[in-house]
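Structure assessment
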Amino acid sequence: HWRMMQGSNISSDAQPVITSCVPHIHLPECCNVCTAGAACLRRAFEAQDYAEAEQQCRAALAVDPQHQRVNKELQLQLCRVQQMLAKPQEAVAACQAALAIDSDYYDATKELIRALLAAKSLDEAVNLARSTLQQHQQDGEMHQLYREAEKQLKMSKRKDYYKVLGVDISASTRDIKKAYKDLARQYHPDKVHSSKEKAENEDKFREIAEAYEVLNDDEKRGAYDRGEDLDQQGGGGGWGHPGQHFQQQQGGFQYTFHFG
C-alpha cells in the first residue's frame, strides 16, 4: 500500500522527515519513499513516539496528494495517532479526510466514531454508529462501539454528582462527606425566610442529598462511574422525591426536612 510510482514528485516539506529515517535515500530518483516512510512510522508506533508518528504521517501525505489509495490509509493512521496524542478534533478531521477519499472505508468509519466520542461529539457519534451498525449487524466490534456511544451520550445528560458536591472524581469518602456537610448547612431551607428562597434551597438541598447518597456508597458510586442505570437498581434519583420525609443527623446538627 505504501509504494509509489517511479518519478513521483516529493514535497520539500516531506524530505527532511523521510531522509532523517533513511539518510542515504536519493529523493529525485526514489521510487519507494512511502515504503521507507512506512518503516519509520512503524518504528515510531512501536516506540510509542506518537509525535514522531504524526510527523511521519504528515510527511508521507505530502509526497503525492493525488495518490488516493495510499493517502486514505495514511489519513486513517493519522487519525489513530492524533487520538493517542489527545487531539480529538484533529483526529476527526483526519478520519473524515479518509472517508472523503473513500466513503465506504469501513475501518475509517469505526475510527471516526471513536474520534467523535473523544471529541465529545456524542450525538454525532451515536447517529453514525447507529446507521453503520444497520449495515454491519454481524460485526461485534460495531455493536460494542454503538453501545459505548449510547452509554456516553446517556451519561452526558445525567446529573454530575461530583459537580453537585464540588468534588473531583477521585475524591475520597472523607472529602465527599465534608463537602456534603458544608453544602447541607449552606443550603438548609431553615436558613432563609422568603418562600422563593426556601423553594430554591429545597431544590438544591434535595440535589445535594441525592448526590451524597450515591457517592457515599461504594457500590452505587462504582455503578455511577461505570455509567450504569441507577434507577433500575433503586438508586440515582430514587431518593428525596417530593412528599418523602428526609432526616439527617450529622455531628450534633440535626434537622428534619419534608419535601413537597
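Note that the structure is a prediction, hence the values are computed from the model and not measured.

Rules used throughout
- Residues numbered from 1 in each chain as written.
- Predicted model: local features only at pLDDT ≥ 70, side-chain atom pairs only at ≥ 80, totals over all residues.
- Heavy atoms only, no water.
- Helix = DSSP H or I, 4+ residues; strand = E, 2+ residues; numbered from the N terminus.
- Buried < 20%, exposed > 50% of the residue type's maximum accessible area, 1.4 Å probe, protein only.
- Contact = heavy atoms within 4.5 Å.
- Disulfide = S-S within 2.5 Å.
- Salt bridge = Lys/Arg side-chain N within 4 Å of Asp/Glu carboxyl O.
- Phe/Tyr/Trp six-rings, centres within 6.5 Å; stacked < 30°, edge-to-face > 60°.
- Lys NZ or Arg CZ within 6 Å of the ring centre and 35° of its normal.

Turning to the environment of leucine 133, a few remarks are in order. Among the secondary structure elements, leucine 133 is positioned in helix α7 (residues 122-135). By relative accessible area, which is 7% here, leucine 133 ends up buried. Residues leucine 133 and tyrosine 146 lie 13 residues apart in sequence; the distance between their C-alpha atoms is 7.5 Å. What leucine 133 contacts, discounting residues up to four positions off in sequence, is Met142, His143 and Tyr146.

All right, on to the state of the cysteines then. Scanning all chains against the criterion turns up one disulfide. Residue cysteine 79 pairs covalently with cysteine 95 via a disulfide, S to S 2.3 Å. With the S-S bond torsion at -95°, the cross-link from cysteine 79 to cysteine 95 turns out left-handed. You can see cysteine 79 sitting in helix α4 (residues 68-84) and its partner cysteine 95 sitting in helix α5 (residues 88-101), a full 16 residues away along the chain. Comparing cysteine 79 with cysteine 95, the two get one shared label, buried.

The next subject is the environment of tyrosine 161. Its place among the elements puts tyrosine 161 in helix α9 (residues 161-165). Residues tyrosine 161 and alanine 209, spaced 48 residues apart in sequence, show a C-alpha to C-alpha distance of 9.9 Å.

Let us now look at the pattern of salt bridges. Counted under the stated rule, the structure contains 14 salt bridges. Between glutamate 54 and arginine 58 there is a salt bridge whose closest N-O contact spans 3.6 Å. One end of the pair is glutamate 54 and the other is arginine 58, both in helix α3 (residues 50-63) and four residues apart, which spans about a single turn. With its nearest N and O atoms 3.7 Å apart, the salt bridge here joins lysine 159 to glutamate 210. Taken as a pair, lysine 159 in the loop between α8 (140-157) and α9 and glutamate 210 in helix α11 (residues 195-215) lie far apart in primary sequence, 51 residues in all. By relative accessible area, glutamate 210 is classed as buried at 6%. Each member of the salt-bridge network shares a partner with another, and the members are Arg80, Lys110, Glu111, Arg114, Asp139 and Glu141.

With that out of the way, let us pick up unusual backbone geometry. Backbone geometry at alanine 86 places phi at a positive 60°, although glycine is not the residue there. Structurally, alanine 86 can be placed in the loop between α4 and α5. A positive phi angle, near 65°, is found at lysine 120, a position not held by glycine. Within the fold, lysine 120 resides in the loop between α6 (106-118) and α7.

The description of an aromatic ring pair rests on the distance of the ring centres and on the angle between the ring planes. Counting across every chain of the model gives four aromatic pairs. Aromatic pair tyrosine 162 and tyrosine 224: ring centres 6.0 Å apart, planes at 50°, arrangement tilted. Of the two residues, tyrosine 162 sits in helix α9 while tyrosine 224 sits in helix α12 (residues 218-225), which places them 62 residues apart along the sequence. Comparing tyrosine 162 with tyrosine 224, the two get one shared label, buried. Ring geometry for tyrosine 180 against tyrosine 212: centres 3.9 Å apart, planes inclined by 10°, an arrangement best described as stacked. Taken together, the residues tyrosine 180 in helix α10 (residues 173-186) and tyrosine 212 in helix α11 connect sequence positions 32 residues apart. Residue classification places tyrosine 180 among the buried positions, given a relative accessible area of 1%. With a relative accessible area of 15%, tyrosine 212 lands in the buried category. Cluster of aromatic residues (ring-pair linked, three or more members): Tyr161, Tyr162 and Tyr224. One residue, lysine 72, lies across the ring of tyrosine 105, its end atom 4.6 Å from the ring centre. The ring centre of tyrosine 224 lies 3.5 Å from the NZ or CZ of arginine 158, which sits over that ring.

Don't take any of this as a statement about function, it's just geometry.
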